[in-house]
Structure formats: structure tokens, C-alpha cells
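Structural description and commentary
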Amino acid sequence: MPAVLRVALPVPLPTLFDYLPAASGRADVGSRVLVPFGKGKAVGVVVETNVESAVGHARLKRVLKVLDDGPLLDAELMATLARAADYWLGAPGEAYANALPLALREDRPLPDLREEAWALTAAGQSALDAGSRRGGSRALLEALAPGPVTAELLHELLPGWRDAARRLDEAGLIERTGVAGAAPLPTSTPPELMPEQRQAVDTIAASLGQFQSFLLDGVTGSGKTEVYLALIEQVVAQGKQALLLVPEIGLAPQTVRRVRDRLGVAVEVLHSNLAEGDRARAWLRARSGEAKVILGTRSAVFTPLPHAGLIVVDEEHDGAYKQQEGFRYHARDLALLRARALDVPVVLGSATPSLESLANVQAGRYRALHLRARPGAIRAPQVQIVDMRAQRLEHGLSPALLAAVADTVARGEQALVFRNRRGYAPVLLCHACGWHAECPRCEHPMTLHAGRRQLICHHCDYTARLPAQCPACAAPDLKPQGQGTERLEEALAAQFPEVPVLRIDRETTRRRDAFEQLLESLHEDRPAILVGTQMLAKGHDLPNLTLVAIVGVDEGLHSVDFRASERLSQLVVQVAGRAGRARKPGRVLLQTHHPDHPLLRQLLAQGYAAAAATLLDERRSVQLPPYGHQVLLRAEAHQREHVDAFLVDAAHALAGAPLQLAGPMPAPMPLRAGRHRGQLLIEAETRSALHTALRPWYRMLSTLPSARRVRWSLDVDPVDLY
DNA sequence: AGCACGCCGACT
DNA sequence: GTCGGCGTGCTC
């Protein structure tokens, strides 16, 4: 009986595929193989050798080619990926595919990692000795005499050397080689650490070489980054690697500069905007151990770390760590899995830790470290509530708020008005007959975008032209209701004609580096008013910003989403943290119709930690994550009936399992590009019940007759991994 | 996910 | 007459 190979292929099916071994070349676990698949070919990863196949040998096809001599994915990554696919109930093939950069999922040799350089051949050496060449060629031969020289250096030494290089290369006198890139020299020195920072560094450093999770809880500007850098410095000094995850690319450039300047080691940056070739090279340099520090977003959690020393997840509460399509993993939790497999400490940092992490601290699974002191000794700004009930509002802005903005710009400082709604107005209403613009696909109210003269459904992206009159009664009396960032921008520009008003949301920052440029212009010491969505909440330094006005958080107080209160609290604290970061004191206003709401009261009076503790208690009492356990079964298809049929089938199939459907089944909703999505919320009282029930059920789902017509996935809410 | 097959509408 | 729309089924 031939030894069969089990291969993971990048397909969203809960199946692995069996193949007969290649005619030549032995494949190990973790090696890539090229296999026939369907009518074409595919690159897969060997997950098992010598397996007993359930498929008849007559039907088994043969591996076409073994692409790697040894494993490309090491044993740790293979094991962690298998665990992750199992934990998040993902298609195993997709999990392995996620780990490999796209450029490495092709039938091509691995890219050369070395820097381009040129060297003399034996023939070249004799030609140099004989002095047989003249001019540029001779100069190039002489330049290469001491040893290989990089192309970069040749550009400086001999401008126009390429012509000579081409001639000498053709004559066989020189050859292209590569040299390892040289590490840059550190250009900045570490600052003196504050006592709390010092203590955090020492505590974590004492765990180097073993697995331990830490929650580094520090307010904005308390110097978390310095703690990371000090730790990474120690790790690198031991010859080990550090992985630093950040929620988004926007934050990476300033961090990467800081890390490079400080450490003077090879730092690789990985994010989704990177060209595939660059991404593959960075990944491979991490695999070779050449890269000492790997800094990246969500997907960088799959980087191989043969000499791992430390993993850091910055802003661990950030939702960007959750992958929303394909293999639905959570990078923060995957980082924990990897740290455990690699036997290294993992540090989760945040000013507003997720309730999951706080629960893990309470359970004794994470050690909490606190940073309170703000270096530079500027006190965190106090948040003041502006009661907007019975106030005369100017486009949704209260007199108190406008007065504060006026004061700020009069002092030559900058103000930020934060509103979590894009567009001009969330509703367009006919004042004559009560008609309002509704999306024909989802029956959601459509948002008015005045600049584009369009109505856009923020739910499914359906767009329509802005009607000049009411489509129902033909009255020319259409009134925008409510305020989006676009309308606030207009209102503020009208109120403060002499001050530049900048709007920052998805619409104005579409263009690459438009965001960077906008922020750059704000570094100048001039008055300005910013209007923006949560893009502005993330850790950008705005030294001249002294007033933050938060408008319209009221929706978040009454949302049905059980995470809404948590996110609202984090948002308020993070946005407030933008005020008064440098030498000037900051002021924060929160405008609301519910000044007595208990969450707001507690958040403002006692701070995030107290509010989070209350929210956590509430979740515990009603068994919501991180205490109860939930899975969302999502189905998507072009036809609404297909989504319905699948969900009904799934609900029937579920009837025998030790799980409950939570609540009635909502009707499938239209989605962008004319697709419909429906979902089923499944709950269990314990995690083990959920998982033991779901694993076999997951395979069964794919066998349902209706499963073929929809794209479905299970969204496992990150709970705990113990 | 890709990809092929297959069955009905509007064009050279 | 065929090009091509997407609905359906399959991949060791």
C-alpha cells in the first residue's frame, strides 16, 4: 500500500485532500507541494505523511512536484495553525493558506533575500591581473577586486557602472551575487524609564524564556511603547526575535522609525498594503532568523519565528485584530496560542483593555501591570458632560460646545469634533408628507451625502441620486434629519469662517497617504477645527490639539449589540486621550441627551477600569462572552431564499445538538453587491459543550443539501483559549 | 474559492 | 445562428 500524503489546499471546505507521493522528491510535513486539483493545479501544504486514505487509491491523484526540500512551515507553525483552525472552526486549508504570503503559494523558486551585489569570477581576476581591460570596465574590475560590492555602493563609486557590468557579465568576468543586508546603527538613545515602566520591564523580562501572558494597562501617553522597546532590546541582545503587532498600518510608520532608530537591528514591516514580493521576502527573512524584529498588522501573526523571544500586541482591544472574512481568526488570541507554543512571554497593551482580557486577569490567567504616571506630568483631561436637552442646537451643536470651540481657536489652538457618522445626514425626510428615503434593498434609511449629491445606504452600499423633490408627494420640501461629519464640517465652517475646518473620515482619506498629509499639516502651531469619525481615535500625536468635543454617542447607549457599551467606553476614553498631549492642558466635552446614563456617569467619574468592571459583571450575570459562549453562523448568497433555506436546514440539523439557538431567526438582509446575508446565533453554557458539539456539526453543515448554494462561515466569538 | 457545465435571452 | 448571463456541482 503506497504511503499517502494529506495536503491542505486553500479552499473554504472543512476537508483535507489525499494524494499519492510525487514520482521524485520526498515531501515532509510543512513542505509545499504542487498537486492536480479540479481541472487545474494548486499549491498546498503537506500536513501529514503515511496516512490511511478514506478515498479509494484508484481515485487518488499523484503529487506533481515537491516544492521544498525541507518544511517551509516549521513544526510550531503547523501545530499552531491546526489548533487555530480547530478553535475558530475554520477551513484548515484556509488557515494554512493564510500563513503563507501569496507569492509563496505559487510554483516558483523562493526569492533571493540577499541584496544585489557583484563579484569577480576567476576569469575576471586574471583579466584584472593581466590589465586587459580599459576605461569603465577596468574601473569596475578594480572596484570589485577586494570582494563583492553591493549595487547601491557601486552607484556611488562608479556612476554609470551598469554598462560595464553588462559587458563584463557577458564576457564571464564578473557575476551577480548577493550579500546580507547590513544592520543600521542606532541613532537614538533610550530615555530614562519611569519607576512604573522600569517595574513592568523587569517583571516581564523575568519571564523571558517561558510562556506567560501580561496585560499592560496604561493610559494614553503613559509610555507603553518605551516598555515594549526596552523589552525588545533585551530580547534582541539575547539573539532572539520579537514580534510586535499593531492594529493598523497608519500607526506603523512612526513606530517602525522609532524601533529602527533605537535598536539598530533588521526590522521587517508586514501589512496588507505591502507588495506581495516584499511581503514574501520579509516573511522569509523572519524565517531565516535574519529579521530580529517583526512589526506588522493582523496577518503578521503568522510570521515564522525560529528564534522567538517575545510577542507584543499593542492596543489589544482593537477590533481590527479580528479577521472578518475567510478564516475568521482573532490575531490577539492567535498571538497567545503562538506564545504558548513558542514558550515566550506575550504582552497585551492597552489603555482600554477588552473585557475578555480583563476577565482573563480576574481568572488569574494574565498578570496585570499598570502604568499610571504620564511622563511630562500632564494630567489626563477631565471629561465634562454637556446636557443638550432643551438647548437651541446649531446643526446638532449646543451653544456650550460652540463657545468652547470659539475659545480654543481664539487662543490659536486646535479643536476636534468627533462624530461617529459619515455623510451629511443619516435621514432625508419630506416635511410635507412624512416620506423618508429608504434603501430599496434593505429598507434601511439612506444617508444623505451632499457633496456627492447622492443617497447611500451604509448597510449595503446601494446608491441613488438625490431627488430634487419628494418622490411620494412631489413637494420640494425634503429636510435632512440628524448630523453626519459632512454637515458638521459645513456648520463649523459657517460658524468659524476664518479658521480652517478639516474633515477626516473614509471619504476624505480615500487617497493613499491623504491621511498622513492631513495630520502633517496639523503639526503646525496654527488654529484649526477637525471633524472626524473614529479614524481619529487611534494614537496619532496632535500636539496643538487642546479641545475634544464628542458628539452623538447616544446611539451607542441603546444599541442591541452586546459589545456596544464596551466599544463606546473605549472610544470615549481613546478620543479624550487626543486632547492636550504636549505641553498644553486639554479639555474634553461630551454632548449627550442622557447626562444621567449610569455608564456615562461611571465612566466619567471613576474611569474606564471601573466602568469596564461593571460591564463585565453584567455580562457574567447574563452569560454573555467572555462568560457565556456564542457562535454566529453566517450565510451569504445572491438569492435571499437560498440563505433562508440554508439557515432553516442548519437549525433543523442543530435540533439534536447540546446547543441552543438564541432568539428568533432574523430575515436575511441584503448586502453590498446584491448579496444577501443571514445569521443564526448559537449559544452554549460552557465552552467545551460548544466546541465538542460544533466540531462534528461543522462537518455536517457542509453536507446539507442547501450548503452548496451559499457561502457560509462560523464566527466564533473569541472567548478564552484554556 | 475557482472552474466547468448547462440552459435560456439579445445580438453580429 | 452563437455569445454570455448566472445557477449548480465538484474538487483527493
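Read on for an overview of the structure. (Residues numbered from 1 in each chain as written. Chains lettered and ligands numbered in written order. Predicted model: local features only at pLDDT ≥ 70, side-chain atom pairs only at ≥ 80, totals over all residues. Heavy atoms only, no water.)

Considerations on the protein's contact with DNA strand B
Close contacts around DNA strand B come from Val-11, Pro-12, Lys-39 and Arg-711, and that covers them all. Within 4 Å of the protein, the contacting atoms of DNA strand B are 50% sugar and phosphate, with bases supplying the remainder. The residue makeup of the surface near DNA strand B, split by class, is two nonpolar, no polar and two charged. (Near = heavy atom within 4 Å. Nonpolar A, V, L, I, M, F, W, Y, C, P; charged D, E, K, R; others polar.)

Section: the nonpolar core
Leu-633 and Phe-646 are the most contacted members of the largest nonpolar core, which totals 112 residues. No other element matches helix 11 (residues 331-342), which puts seven residues into this core. Not counting residues up to four positions away in its chain, the partners in contact with Leu-633 are Phe-646, Leu-647, Ala-650, Gly-678, Gln-679, Leu-680, Ile-682, Trp-697, Leu-701, Trp-712, Ser-713 and Leu-714. Listed in part, the 32 residues of the second largest apolar core include Val-227, Val-236, Ala-242 and Val-259. (Core = buried A, V, L, I, M, F, W, Y, C linked by side-chain atoms within 4.5 Å. Buried < 20%, exposed > 50% of the residue type's maximum accessible area, 1.4 Å probe, protein only. Helix = DSSP H or I, 4+ residues; strand = E, 2+ residues; numbered from the N terminus. Contact = heavy atoms within 4.5 Å.)

Some thoughts on the layout of surface pockets
Of the voids in this model, the second largest pocket is the one considered here, and its volume is about 930 Å³. Surrounding the second largest pocket, 34 residues form its lining, Pro-12, Gly-326, Arg-711, Trp-712 and Ser-713 being those nearest its centre. For the lining of the second largest pocket, the elements supplying multiple residues, two or more each, are strand 27 (629-637), strand 30 (675-684) and strand 31 (711-716). (1 Å grid on protein atoms, 1.4 Å probe; cavity = no way out; pocket = protein on both sides within 12 Å on 5 of 7 lines; lining within 4 Å. Points joined across faces, edges and corners; volume = space filled by probe spheres on them.)

Description of the side chain of Ser-713
Within the element layout of this structure, Ser-713 appears in strand 31. Note on Ser-713: relative accessible area 17%, which makes it buried. Side-chain polar atoms of Ser-713 contact the side chain of Arg-328, separated by 3.0 Å. (Polar contact = N/O pair within 3.5 Å; in protein donor to acceptor, adjacent residues only side chain to side chain.)

Considerations on the protein's contact with DNA strand C
Among the 14 residues in the neighbourhood of DNA strand C, the closest are listed as Asp-18, Tyr-19, Val-55, Lys-61 and His-642. Taking the atoms of DNA strand C that fall within 4 Å of the protein, sugar and phosphate contribute 68% of them. For DNA strand C, a phosphate oxygen lies 3.3 Å from a polar atom in the backbone of Pro-36. Interatomic distance of 2.7 Å between a side-chain N/O atom of Lys-61 and a phosphate oxygen of DNA strand C. Broken down by secondary-structure element, the contributors of at least two residues to the surface near DNA strand C are strand 2 (17-19) and strand 3 (32-37). Looking at the surface near DNA strand C, its residues break down into six nonpolar, three polar and five charged.

Quick word on helix 10 (residues 276-288)
For helix 10, with 13 residues, the first-to-last C-alpha span of 18 Å sits near the 18 Å given by 1.5 Å per residue. Within helix 10, the full set of buried residues consists of Arg-279, Ala-280, Ala-282, Trp-283, Leu-284, Arg-285 and Ala-286. On its buried side, helix 10 packs onto helix 2 (92-99), strand 10 (241-245), strand 11 (267-270) and strand 12 (293-296). Gly-289 sits one or two residues past helix 10 and shows a positive phi near 90°. (Expected span 1.5 Å × (residues − 1).)

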